[in-house]
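Structural overview for review
This is what each chain is made of:
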Amino acid sequence: MLAVIKTGGKQYKVRKGDFISVEKLPYEVGKSVEFDEILMTEVNGKAVLGNPLVSGVKVKANVIAQKRRGTVFIFKKSHRKNYRRKNGHRQPVTVLQIEEIK
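Residues numbered from 1 in each chain as written. Predicted model: local features only at pLDDT ≥ 70, side-chain atom pairs only at ≥ 80, totals over all residues. Heavy atoms only, no water.

1. Some details on the nonpolar core
Grouped together as the largest cluster of nonpolar side chains are 18 residues, with contacts concentrated most on Ile5, Val14, Ile20, Phe35, Ile38, Val59 and Leu96. Secondary-structure elements contributing two or more residues to this core are β1 (2-7), β2 (10-15), β3 (19-23), β4 (32-35), β7 (59-68) and β10 (92-101). Excluding residues that lie within four positions of it along the chain, Phe35 makes contacts with Ile5, Thr7, Leu25, Val57, Lys58, Val59, Ala61 and Leu96. (Core = buried A, V, L, I, M, F, W, Y, C linked by side-chain atoms within 4.5 Å. Buried < 20%, exposed > 50% of the residue type's maximum accessible area, 1.4 Å probe, protein only. Helix = DSSP H or I, 4+ residues; strand = E, 2+ residues; numbered from the N terminus. Contact = heavy atoms within 4.5 Å.)

2. Comments concerning the side chain of Thr7
In this fold, Thr7 is placed in strand β1. Here Thr7 is in contact with Tyr12, Val22, Leu25 and Phe35, once residues within four sequence places are set aside.

3. A look at the environment of Glu34
Among the structural elements, Glu34 can be located in strand β4. Look at Glu34 and you get partly exposed, because its relative accessible area is 40%. When near neighbours in sequence (up to four residues on either side) are disregarded, Glu34 contacts Lys58, Val59, Lys60 and Lys102. A distance of 3.4 Å separates a polar atom in the side chain of Glu34 from a polar atom in the side chain of Lys102. (Polar contact = N/O pair within 3.5 Å; in protein donor to acceptor, adjacent residues only side chain to side chain.)

4. Some points on the sheet that holds β2
Within a sheet, neighbouring strands are paired by backbone hydrogen bonds and run either parallel or antiparallel to one another. Read across the open sheet, the 4 strands follow the order β2-β1-β5-β6; overall the sheet is antiparallel. With partners counted over all chains shown, the strands left at the sheet margins are β2 and β6 (46-49), one partner each. Within the sheet, the average angular offset between the axes of one strand and its neighbour, ignoring direction, is 20 degrees. Bridge count for β1 against β2 is 6 bridges, and the pairing is antiparallel. Among the inter-strand pairings, Thr7 is bridged to a residue of β2, identified as Lys10. (Pairing = 2+ DSSP bridges. Axes fitted to C-alpha atoms, helices over the stretch in contact; angles between N-to-C directions.)

Have a look at this one:
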């Protein structure tokens, strides 16, 4: 079974057993999370689209880890002005494992 969920302003295509990294959620490691903003799902091999959401479907996931993504470097430079700035950013994420789609 397949579902498209919405969290953190992004959409994720998930199946049972998948691991996904989403924007940071306020849950501890080992806790369970339920998503009820389902945009699309699959029933008996046919796609069911929501308008805008599919009602009666929930996706249950477990929190595996709270971590940070790799560094994104920001480099600013001004030509012939001896101006250089280097900065880095690491976005916090939550790693989830999809348990079931009901």
